[in-house]
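# Secondary and tertiary structure notes
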Amino acid sequence: MHPGPLLFCGDPHGQWQHILDAAMQTRARAVILLGDLEPARPLQIELEAIWERVWFIHGNHDTDHAGNFGNVWHPEVSERSLHGRVVTLPCGTRIAGLGGVFRGAVWYPKDPQAPKFRNREDHARVTPSQDRWQGGVHLKHWSTIYPDEVEQLATLQADILITHEAPGYHDHGFKALDTLARRMGVRMTVHGHQHDNIDSSAHWDSQGFQSFGVGLRGVMAAD
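Before going into details, it helps to say that this report is about the structure given with it. Computed from a predicted structure; not experimentally measured.

What follows is about the sheet that holds strand β9 (residues 219–222). Pairing is mixed across the open sheet formed by four strands, whose spatial order is β3-β2-β1-β9. A strand with exactly one partner marks an edge of an open sheet, and here the two such strands are β3 (54–56) and β9. Strand-to-strand, the axes of this sheet are offset by a mean angle of 25°, without reference to chain direction. Looking at chain direction, strand β2 (residues 30–33) and β3 are connected through three bridges and run parallel. Bridging from a neighbouring strand, Val 31 pairs with Val 54 of β3. Running over the sheet, helix α1 (residues 17–26) touches β1 (6–9), β2 and β9 and is turned about 165° from β1.

With that out of the way, let us pick up the pairing of strand β7 (residues 188–191). Every second residue of β7 is oriented toward a common face, with Met 188 and Val 190 on one face and Thr 189 and His 191 on the other, all of them buried. Bridge count between strand β6 (residues 160–163) and β7: four bridges; the pairing is parallel. Paired with Ile 162 across the two strands is Val 190, which belongs to β7. For the crossover from β6 across helix α7 (residues 175–184) to β7, the handedness is right-handed. As judged from the four bridges shared by β7 and strand β8 (residues 210–213), these two strands associate in the parallel manner. Pairing of Met 188 across the sheet is with Gln 210, part of β8.

Throughout the structure, instances matching the rule amount to seven aromatic pairs. When the centroid spacing of 5.2 Å and the interplanar angle of 80° are considered together, the rings of Phe 69 and Trp 142 count as edge-to-face. A residue pair is termed long-range when its members are at least 10 positions apart, and Phe 69 in helix α3 (residues 66–72) and Trp 142 in the loop between α5 (120–125) and α6 (147–154) qualify at 73 residues. Overall, the relative accessible area of 3% leaves Phe 69 in the buried class.

This brings us to the sheet that holds strand β5 (residues 94–98). An order of β4-β5-β6-β7-β8 is seen for the five strands of this open sheet, with the pairing classed as mixed. The sheet terminates laterally at β4 (86–88) and β8, the two strands that pair on one side only. Within the sheet, the average angular offset between the axes of one strand and its neighbour, ignoring direction, is 20°. Against the sheet, α7 makes contact with β4, β5, β6 and β7, and its axis sits at roughly 155° relative to β6, the strand it touches most.

What follows covers the nonpolar core. For soluble globular proteins, nonpolar side chains are generally found buried alongside one another. Ranked by internal contacts, the top residues of the largest apolar core, which has 25 residues, are Leu 98, Leu 153, Leu 161, Leu 180 and Met 184. At the level of secondary structure, the elements contributing two or more residues to this core comprise β5, α6 and α7. The element best represented in this core is α7, accounting for four residues. Not counting chain neighbours up to four residues away, the residues in contact with Leu 161 comprise Ala 96, Gly 97, Leu 98, Leu 153, Leu 180, Ala 181, Met 184, Val 186, Met 188, Thr 189 and Val 190. Residues Ala 22, Ala 28, Leu 33 and Leu 43 belong to the second largest nonpolar core, which totals 19 residues.

Moving on: empty space enclosed by the protein. To find leftover empty space, one rolls a probe the size of a water molecule over the atoms. If you walk through the whole model with that rule in mind, you get one cavity of 30 Å³ or more. Each pocket or cavity is described by its volume, and for the largest cavity that value is around 50 Å³. The wall of the largest cavity is formed by Gly 104, Val 106, Trp 107, Tyr 108, Asp 111, Gln 113, Ala 114, Pro 115 and Lys 116.

How each quantity is defined
- Residues numbered from 1 in each chain as written.
- Predicted model: local features only at pLDDT ≥ 70, side-chain atom pairs only at ≥ 80, totals over all residues.
- Heavy atoms only, no water.
- Pairing = 2+ DSSP bridges.
- Helix = DSSP H or I, 4+ residues; strand = E, 2+ residues; numbered from the N terminus.
- Axes fitted to C-alpha atoms, helices over the stretch in contact; angles between N-to-C directions.
- Contact = heavy atoms within 4.5 Å.
- Buried < 20%, exposed > 50% of the residue type's maximum accessible area, 1.4 Å probe, protein only.
- Right-handed = clockwise from strand over helix to strand, strands pointing away.
- Phe/Tyr/Trp six-rings, centres within 6.5 Å; stacked < 30°, edge-to-face > 60°.
- Core = buried A, V, L, I, M, F, W, Y, C linked by side-chain atoms within 4.5 Å.
- 1 Å grid on protein atoms, 1.4 Å probe; cavity = no way out; pocket = protein on both sides within 12 Å on 5 of 7 lines; lining within 4 Å.
- Points joined across faces, edges and corners; volume = space filled by probe spheres on them.

Structure, rendered in structure tokens:
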């Protein structure tokens with residue numbers, strides 16, 4: 001029914017028509033959103049026409065305020081989240097996701113010090129009650145990457161890993177994501193967040209995988 005490519009969509013920041021158009025024109029078999037969604041309505045309503053083909057991860061701006069959070073963590077939406085898991089698409093491709101960003105208040109892999117918290121639950125225990133969101137950590141930290149999330153993902157195998165943060169080839173990327181990709185045995189990583197699509201092909205041999213960034217409201221097709 002949908003014989004076309006996989007579409008990887010860079011940070012839409014609330015804009016959807018270009019994604020809908022690309023999905024229809026290419027007959028995309030899957031539409032994969034790389035974070036910073038910021039939908040004004042629950043995501044399944046914004047992308048209703050193609051919802052059965054949509055998968056996503058969250059970005060840092062998806063916890064800027066309660067509206068963004070509610071429209072991305074909405075129960076009918078979250079079943080399509082790839083964060084922290086591997087999904088096998090109908091075409092057989094195994095795709096994994098890691099949403100969010102590294103933050104120094106929790107874990108910043110470029111810094112030598114150990115993570116301050118291993119997981120959201122540990123962090124929530126020391127979060128003052130007035131700062132908690134839905135009984136857990138501060139709203140902002142729902143889009144923070146915790147070490148245990150990465151470690152759990154690393155025990156799984158996939159063909160493609162999508163992340164919001166960039167891996168190590170990027171000036172603002174993280175070697176920790178290279179390690180994750182190699183442990184998972186992926187052949188390709190795709191990220192958003194940086195709003196660029198730098199040619200990283202010179203790094204592919206040393207990385208052990210191909211890496212791609214997708215720019216602001218960009219769309220990248222892959223077979």
